[in-house]
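Observations on chain architecture
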Amino acid sequence: MGEEEVRALRDLTVTICEGECVAVMGPSGSGKSTFMNLVGCLDRASAGHYRLHGEPVSEMDADDLAAARNRMIGFVFQNFNLLPRTSATENVELPLMYAGVPPKERRERALAALAQVGLASRADHWPTQLSGGQQQRVAIARAIVNRPRLILADEPTGALDTRTSLEIMALFQSLNAKGMAVVLVTHESDVATFASRLLLFRDGRLVGDQPQTPRDATAEIAAFDARVAA
């Protein structure tokens, strides 16, 4: 920043394995967003090495980074980032279009991904015709349609009510149970308890890395409904 050197991350060594569900937490300015950008191949570290499924990301050029993102990583954001005048199916097709998948196969795979997140009946709806939770499900379908090895979710429940948040976390846990790695950045400690591992950042350093027993989101949905009905 100007003449001042700011080290967003320092002395960081971390390995995330296939099939893990990891929550990333820390106050503003702690380095977690930079960590997310590096893991997602959106930024390049000024030093050190990063390997994604064995591939040396730190040696890739811009085109290689874009290809790695599209092929191996699915992104989910707080505000969904859906194209507003485009159907759910067409939104989900976008990563396949960038990957050069033929139109017929694109549609088949997009419809299958929407079915996987419980939205087969909403395939032709625009985002404005969907609830917040349904829009996030479309975003998750878009993230998984390329069959990535890793899902990066940035505050994915931040714009949702409690029950819908639980539904989204149950969906992430279901995908994780099928072997997909999930890295979840959140400010909400309650949301972080659904992960099996917690990374805690402060002042650009990783100050905590601990396993934890995750809460079962499906069971939490049942408990929430029972409380509402009581």
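To be clear, the structure that these remarks concern was listed above.
Here we look at the side chain of Thr 157
As for its position among the elements, Thr 157 is in the loop between strand S5 (150-154) and helix H6 (162-177). Classification of Thr 157 as buried rests on a relative accessible area of 4%. Among all residues touching Thr 157, those that are not within four sequence positions of it are Ser 165, Ile 168, Met 169, Glu 188 and Val 191.

A closer look at the nonpolar core
Counting residues in each nonpolar core, the largest one holds 44 residues, and the members touching the most others are Val 92, Leu 114, Val 138, Ile 140, Ile 144, Ile 151 and Phe 172. Contacts of Ile 140, omitting those with residues within four sequence positions, involve Val 76, Val 117, Ile 168, Leu 171, Phe 172 and Leu 175. Phe 35, Leu 52, Leu 65 and Phe 75 belong to the second-largest nonpolar core, a separate cluster that totals 21 residues.

As for the side chain of Asn 146
Within the element layout of this structure, Asn 146 appears in the loop between helix H5 (132-144) and S5. A polar contact of 2.8 Å, which involves the side chain of Asn 146, links it to the backbone oxygen of Asn 70. Leaving out residues up to four positions away in the same chain, Asn 146 has contacts with Asn 70, Arg 71, Pro 95, Leu 96, Ala 99 and Arg 109.

Looking at the sheet that holds strand S6 (residues 181-185)
Strand order in the open sheet formed by six strands is S4-S5-S6-S1-S7-S8, with mixed pairing between adjacent strands. Taken across any chain shown, the strands that pair with only one partner, and hence form the sheet edges, are strand S4 (73-77) and strand S8 (205-211). Each strand axis lies, on average, 15 degrees off the axis of its neighbour in the sheet, ignoring direction. Lying over the sheet, helix H1 (residues 32-39) contacts strand S1 (21-25), S4, S5, S6 and strand S7 (197-202), oriented at roughly 150 degrees with respect to S5.

A short note on helix H4 (residues 103-116)
For H4, which comprises 14 residues, the first-to-last C-alpha distance of 20 Å matches the rise-based estimate of 20 Å (1.5 Å per residue) to within 8%. Looking at the buried positions of H4, the neighbouring elements they touch are helix H3 (88-98) and H5. Looking one or two residues beyond H4, the residue adopting positive phi is Gly 118, at roughly 80 degrees.

Notes on the pairing of S8
By the bridge criterion, six bridges tie S7 to S8 in an arrangement that is antiparallel. Pairing of Arg 197 across the sheet is with Pro 211, part of S8. Linking two consecutive strands that pair antiparallel, namely S7 and S8, is a turn of two residues; a positive phi of about 55 degrees is found at Asp 203 within it.

Conventions we followed
- Residues numbered from 1 in each chain as written.
- Predicted model: local features only at pLDDT ≥ 70, side-chain atom pairs only at ≥ 80, totals over all residues.
- Heavy atoms only, no water.
- Helix = DSSP H or I, 4+ residues; strand = E, 2+ residues; numbered from the N terminus.
- Buried < 20%, exposed > 50% of the residue type's maximum accessible area, 1.4 Å probe, protein only.
- Contact = heavy atoms within 4.5 Å.
- Core = buried A, V, L, I, M, F, W, Y, C linked by side-chain atoms within 4.5 Å.
- Polar contact = N/O pair within 3.5 Å; in protein donor to acceptor, adjacent residues only side chain to side chain.
- Pairing = 2+ DSSP bridges.
- Axes fitted to C-alpha atoms, helices over the stretch in contact; angles between N-to-C directions.
- Expected span 1.5 Å × (residues − 1).

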